[in-house]
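A look at the structure
Here's the letter readout for the chains.
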4 protein chains.
Amino acid sequence: MAKTKYEHIQLEAYEANMQLPKSGLVLFTFGNVSAADRALSVFAIKPSGVPYDELTPGKMVIVDFDAKVVEGNLRPSSDTKTHAVLYKQWANIGGIAHTHSTYATSWAQAQRDIPIFGTTHADHNTVDIPCAPPMNDEMIQGDYEYETGYQIINCFKEKALSYEEVEMILVGNHAPFTWGKTAAKAVYNSAVLENIAQMAWLTESINCNAPRLKEALIKKHFERKHGSGSYYGQELI
Amino acid sequence: MAKTKYEHIQLEAYEANMQLPKSGLVLFTFGNVSAADRALSVFAIKPSGVPYDELTPGKMVIVDFDAKVVEGNLRPSSDTKTHAVLYKQWANIGGIAHTHSTYATSWAQAQRDIPIFGTTHADHNTVDIPCAPPMNDEMIQGDYEYETGYQIINCFKEKALSYEEVEMILVGNHAPFTWGKTAAKAVYNSAVLENIAQMAWLTESINCNAPRLKEALIKKHFERKHGSGSYYGQELI
Amino acid sequence: MAKTKYEHIQLEAYEANMQLPKSGLVLFTFGNVSAADRALSVFAIKPSGVPYDELTPGKMVIVDFDAKVVEGNLRPSSDTKTHAVLYKQWANIGGIAHTHSTYATSWAQAQRDIPIFGTTHADHNTVDIPCAPPMNDEMIQGDYEYETGYQIINCFKEKALSYEEVEMILVGNHAPFTWGKTAAKAVYNSAVLENIAQMAWLTESINCNAPRLKEALIKKHFERKHGSGSYYGQELI
Amino acid sequence: MAKTKYEHIQLEAYEANMQLPKSGLVLFTFGNVSAADRALSVFAIKPSGVPYDELTPGKMVIVDFDAKVVEGNLRPSSDTKTHAVLYKQWANIGGIAHTHSTYATSWAQAQRDIPIFGTTHADHNTVDIPCAPPMNDEMIQGDYEYETGYQIINCFKEKALSYEEVEMILVGNHAPFTWGKTAAKAVYNSAVLENIAQMAWLTESINCNAPRLKEALIKKHFERKHGSGSYYGQELI
């Protein structure tokens, strides 16, 4: 196949998609990841319904931020419009992941925010993981995946959350979406969310009156990883 | 071994059976899959009690829709009569799978339908997964596996369900049966059911008042995968 | 190493022990299996505290039914006396397995019999899996592992159970013991018990009023695997 | 790289760190292990945020018991000060492990000691696994990781526990720390703790009135592994 100007995001999307089954985050094809090129205003996304072991970088479909296919012979993921809306509205994200991972999806089905119970959560977020309410019937019967994107954005607006600080959400009755600077970071966030979701469920099961993490600890843990004086990880990384 | 006219369904049944341990759906030999040839009115099924790593396509037993062995030296699965009844009554299925997978079996033991809580479920079914009640004592003491087939069919009649739309059931106190156009699809449905069963249990554990999925979402998700205007997967698949 | 008259049971015990980590039934060295030669009145058992990946058939210790070491340089499992008592009292068992497998051990810690909820259980047993009560202090302070054997035997006597029909027990506050005609069968029973234990826990979690399996089904399922007119498995197996 | 006098603890720390992902105790980089040389008053510890599959013995950072880096180009684990405090205060430990393992962390988030329910627990400890309360705000805003070390030590003082007998603790809202004579033993203790934590959760779920293990059994099991007349394992091990 001739080299194209989209190969870098096809490769990025391919590699990030392949992390989903490796990390135990998907059954069959119940998930998808995209990688954007901000300069070109397009993203590469998994083709719909294609098994992971049949994926290749070249099969990633190139789509613009209005969800129009730019290049590729395969139909893109059925969730493509949701990705497009998020890329269009949120200027600083470079990758999006969607899974039906077991524990996060169960919280979405339970229609509850995931309470912040510990430092594992606080290392990544300072708030309860938001669960967007199910859409109203009009939105569902309309342009469903497009509206799913707006449901996510509206939830962040209502809760006054920053998409650069909180890189994950549950869509009520549906499943999680996560994002980040890169597709790899979006998948990383899916794995972190699944872990947080499992431990929050267990925490309530062990102590039905488990208190939320105290504010000082929330602040401390997030800052040691993300604040201006952060001291987690290596400078060069 | 000489080539026979049943080799294609033996191979189909063999490959589908081998997916069960790979997918974590069986312990030891607690499961079986069959593949039918509608033109020949027979199906190939796993021999009873033979470990999966000793299976070969040629060991699959050929049985007709009255459960009579047509070809093969081994005794067919003890659940063979249940398969035969379903093939005989339901003209459009080509494969059947039976497992004792952990979560689905636990719902069967709990004698509860699995509530439809999310879109993972709605992508495959528009209803709660039915749980057929345990048989009465007369049926159990009679031709048990034959009656199990009728228990399944009667449950679908009573609930006015279509076996072409709902390809899975729990048999109360026992375990799940799933089916489809092919043996591979039947096994796929077993894996989906197990996933749905686990998440429904978790959902109720996280929120004991979790509401069923709203009708508009049920309809939307099923139609995007299965309706006339479906847009999931590839045209050519 | 010179060939000895115990090699066959050393090999049998070795292979059965190696199944424990493969089946996910042990963490580190928290388990042991033995294999008996009834004619010689001895059994081969895992050496104490030796990691599974350092085991060899030759390291299996030969012990008589009074728990005296007959051959071997290593100290036998700390549970050896329990094995010896069972072999001495129950003439028809050829193998014993002891694990701290997660779900079965949790039922033992909860000090509850495992209710018979479904056909997976009934395929192997017609009764609730018994949980022997914790020993009295005198027995504990006395010859503890020896008394553990008697605690098991007394529990079977009190409940009027046959060790040939029910090949598994929970020792309250401790963990399961299983047995069978061979060491391999004992390990098989450990895996079955773990599966039954997990599903019984889930069943109660899904329906706190889940009813026990009805008598007709208990009888039917056990007989189809074990009765005189059994039709599970192959004649020749 | 030239041979240094720290290579032995770098290797020890490296090998112990690599056991964490193998044992399923960490997601990504959420854990760290250190190994001390008591004669040199230093320890080798995992560099911060470096993925396990990029680790090498030479990347282990050498730190003294005041948490000052002695050798190494990489920034040490963000939990380094906690390790340093424990080495300084507790003269007889040679290794420390910190993970966010699922079940132990959930108990920490639930802010509960793990009750001693069975002999698996008693084989390692005679007490409930302590959960140190969350720090007060002053401590959190101060030298946080240093104070975490003191929080652990103070909890042991208040509960009159010996760090040589109880080699594990939960830090409330955070996660477990374990230790031992060697780094390998510290990791072993992390795996044991995770197992105990999972089974204690299941035990309460199966029987909400499950009693603690009786004193005679606690004493018996601990002594058979650790007492002067211990008879678990081999003399030479």
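Every value quoted in this text rests on a predicted model; they were computed, and no experiment measured them. (Residues numbered from 1 in each chain as written. Chains lettered and ligands numbered in written order. Predicted model: local features only at pLDDT ≥ 70, side-chain atom pairs only at ≥ 80, totals over all residues. Heavy atoms only, no water.)

1. Here's the deal with the interface of chain D and chain A
- Contact residues are listed per partner, giving 35 residues for chain D and 36 residues for chain A.
- Surface buried jointly by chain D and chain A totals about 3100 Å² across both partners, of which 55% is contributed by carbon and sulfur atoms.
- Here chain D is connected to chain A by three salt bridges.
- We note a salt bridge from Asp79 of chain D to Arg224 of chain A, for which the minimum N-O separation is 3.1 Å.
- Run the count over chain D and chain A and you get 18 residue pairs in polar contact (both at pLDDT 80 or more).
- For the side of chain D that touches chain A, the secondary-structure elements that each account for two or more residues are helix H3 (102–110), helix H5 (137–141) and helix H6 (144–158) of chain D.
- When residues in the side of chain D that touches chain A are grouped by element, the largest group, seven residues, is from H3 of chain D. (Contact = heavy atoms within 4.5 Å. Buried area = accessible area lost by both parts, 1.4 Å probe. Salt bridge = Lys/Arg side-chain N within 4 Å of Asp/Glu carboxyl O. Polar contact = N/O pair within 3.5 Å; in protein donor to acceptor, adjacent residues only side chain to side chain. Helix = DSSP H or I, 4+ residues; strand = E, 2+ residues; numbered from the N terminus.)

2. A word on the sheet that holds strand S2 (residues 42–45) of chain B
Residues and elements named next belong to chain B.
- Taken together, eight strands build an open sheet; the order of strands is S4-S3-S2-S1-S5-S8-S7-S6 and the sheet is mixed. Each end of this open sheet is capped by a strand with a single partner; those strands are strand S4 (69–71) and strand S6 (131–132).
- With two bridges connecting them, strand S3 (residues 61–64) and S4 associate as antiparallel partners. Across the sheet, residue Val63 finds its bridge partner in S4, namely Val69.
- Helix-sheet contacts for helix H1 (residues 7–22) involve strand S1 (31–37), S2, S3 and strand S5 (95–99), and the interaxial angle to S1 is about 155°. (Pairing = 2+ DSSP bridges. Axes fitted to C-alpha atoms, helices over the stretch in contact; angles between N-to-C directions.)

3. Considerations on the relation of the copies chain C and chain D
- Mapping chain C onto chain D calls for a rotation angle of 90° and an axial translation of 0.0 Å; the resulting RMSD is 0.0 Å. Those values place the two copies in the arrangement expected of a four-fold rotation axis. Within chain C, Ser205 of chain C has its C-alpha nearest the rotation axis, a separation of 5.8 Å.
- A share of only 3% of interface residues in chain C that are also interface residues in chain D marks the association as one of differing surfaces. (Least-squares fit on C-alpha atoms with pLDDT ≥ 70 in both.)

4. So, the packing of aromatic side chains
- Under the criterion given, the structure shown has 48 aromatic pairs over all chains.
- Here the aromatic cluster, defined as three or more aromatic residues joined through ring pairs, consists of Tyr103 and Trp201 of chain A, Tyr103 and Trp201 of chain B, Tyr103 and Trp201 of chain C together with Tyr103 and Trp201 of chain D.
- Seen from the ring of Tyr52 of chain C, Lys46 of chain C lies directly overhead, with NZ or CZ sitting 5.0 Å from the centre. (Phe/Tyr/Trp six-rings, centres within 6.5 Å; stacked < 30°, edge-to-face > 60°. Lys NZ or Arg CZ within 6 Å of the ring centre and 35° of its normal.)

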